[in-house]
Amino acid sequence: MIKNPYLGKFIAFEGLDGSGQSTQANLLKDFLVSEGFKVILTKEPTKDSQAGKEIRQVLDKNTLVEPVYLQELFIQDRKEHLENLIIPVLQQNNIVISDRYFFSTFAYGVSDGLDLAWLMELNSAFLVPDLTFILKVRPEICLERIKKRGSAQTLFEETQKLEKVWQTYAILPNHIKNVYIIGGERPINEIAEEMKSHVHLKLNL
Ligand code: ADP
């Protein structure tokens, strides 16, 4: 995996669906913009690439594909995301905040039966974010929040699947640098304050 060689900073938010990634990514963006930085907020899978569109069909359960093929789609989408958006922004000394990046595909891929070392190898040519936050929220709380947001049904099997996904997120800080697990069951503003202090301490922003 490649260390960011550019002047700009790359921050990623990860966690289970409903853990508050979008909420926190938006708050951090607003804060950094108010401090005078130029910030691009983006998301994986992307909406623009052909691979991203195919991934959404799978995630929306409109199509079923093999787990390995799904990972290949994520790789293609990520490659285009980096080339077309992330790297150009970093080259201009600006900040990229991504709502999900490769950590999600590791965690969900392992829960689909794939090997973590293989998934990491598949992503070895990609940039590692300067800072990654993984929001830790229990699956049952995530599912409750998703339900309130008005999407998806709460199923017992889903809780078990999400427990498995979490087990991989939990060990990623042992494998990749600058990854922090943040307690995400606290009030939104309290979490946002912790993000700001990490960003200040680690990235000098
Ligand atoms: P994600 O992007 O991880 O799927 P969202 O940011 O969309 O999650 O949050 C899911 C739902 O939970 C939203 O309705 C959001 O307002 C709510 N939410 C986010 N963070 C918190 C929090 N710390 N406490 C309570 N509810 C939250």
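Residues numbered from 1 in each chain as written. Predicted model: local features only at pLDDT ≥ 70, side-chain atom pairs only at ≥ 80, totals over all residues. Heavy atoms only, no water.

Quick word on the pattern of salt bridges
Tallying each qualifying case throughout the model produces 9 salt bridges. In this structure, Asp99 and Lys43 form a salt bridge, with 3.1 Å as the shortest nitrogen-oxygen distance. Highlighted residues: Asp99 in strand S4 (residues 95-99) and Lys43 in strand S3 (residues 39-43), separated in sequence by 56 residues. The structure contains a network of salt bridges with shared partners spanning Arg186, Glu190 and Glu194. (Salt bridge = Lys/Arg side-chain N within 4 Å of Asp/Glu carboxyl O. Helix = DSSP H or I, 4+ residues; strand = E, 2+ residues; numbered from the N terminus.)

Quick word on the site of the ligand
Within the structure, the ligand sits among 14 residues, and Gly18, Gln21, Ser22, Thr23 and Arg186 are positioned closest to it. The fraction of the free accessible surface of the ligand (560 Å²) that becomes covered by protein chains is 75%. Every element with two or more residues in the shell around the ligand is listed here: helix H1 (21-34), helix H6 (139-149) and helix H8 (188-203). Top contributing element to the shell around the ligand by residue count: H1, with 3 residues. (Near = heavy atom within 4 Å. Areas by Shrake-Rupley, 256 points an atom, 1.4 Å probe, with all protein chains shown as cover.)

Some details on the sheet that holds S4
With respect to topology, 5 strands assemble into an open sheet ordered S3-S4-S2-S6-S7, the strand pairing being parallel. For this open sheet the edge positions go to S3 and strand S7 (179-183), each flanked by a neighbour on one side alone. In this sheet, neighbouring strand axes are inclined to one another by 20 degrees on average, regardless of whether the strands run parallel or antiparallel. Taken together, the 5 bridges between strand S2 (residues 9-15) and strand S6 (residues 131-136) define a ladder with parallel strand orientation. (Pairing = 2+ DSSP bridges. Axes fitted to C-alpha atoms, helices over the stretch in contact; angles between N-to-C directions.)

Some details on unusual backbone geometry
Look at the link from Glu44 to Pro45: it is a cis peptide, with omega at -5 degrees. Tracing the sequence through the fold places Pro45 in the loop between S3 and helix H2 (50-59). Non-glycine residue Asn93 carries a positive phi angle of around 65 degrees. Within the fold, Asn93 resides in the loop between helix H3 (67-91) and S4. Here Asn93 falls in the partly exposed class, since its relative accessible area comes to 48%. Positive phi, close to 60 degrees, is recorded for Asn178, a residue that is not glycine. With respect to the element layout, Asn178 can be found in the loop between helix H7 (156-175) and S7. (Buried < 20%, exposed > 50% of the residue type's maximum accessible area, 1.4 Å probe, protein only.)

Description of the nonpolar core
Across soluble globular proteins, nonpolar side chains show a tendency to be buried alongside one another. Judged by nonpolar contacts, the single largest core of 34 residues is most densely connected at Tyr101, Phe102, Phe103, Phe106, Tyr169 and Ile176. Counting residues per element, the ones that place at least two in this core are S2, H3, helix H4 (102-111), helix H5 (116-122), strand S5 (127-128), H6 and H7. At 6 residues, H3 tops the list of elements feeding residues into this core. (Core = buried A, V, L, I, M, F, W, Y, C linked by side-chain atoms within 4.5 Å.)

Brief notes about the packing of aromatic side chains
Counted under the stated rule, the structure contains 7 aromatic pairs. Relative to Tyr101, the ring of Phe10 has its centre 4.9 Å away and its plane inclined at 80 degrees; by these criteria the two rings are edge-to-face. Taken together, the positions of Phe10 in strand S2 and Tyr101 in the loop between S4 and H4 put the pair 91 residues apart, joining distant regions of the chain. Residue Phe10 is classed as buried on the basis of its relative accessible area, which comes to 0%. The buried category is assigned to Tyr101, whose relative accessible area is 1%. A ring pair is formed by Phe102 and Phe103, whose centres lie 4.9 Å apart and whose planes are at 55 degrees; its orientation type is tilted. Take Phe102 and Phe103: they sit in the same class, and that class is buried. Among the aromatic residues, those joined into a cluster by ring pairs are Phe10, Tyr101, Phe102, Phe103 and Phe106. (Phe/Tyr/Trp six-rings, centres within 6.5 Å; stacked < 30°, edge-to-face > 60°.)

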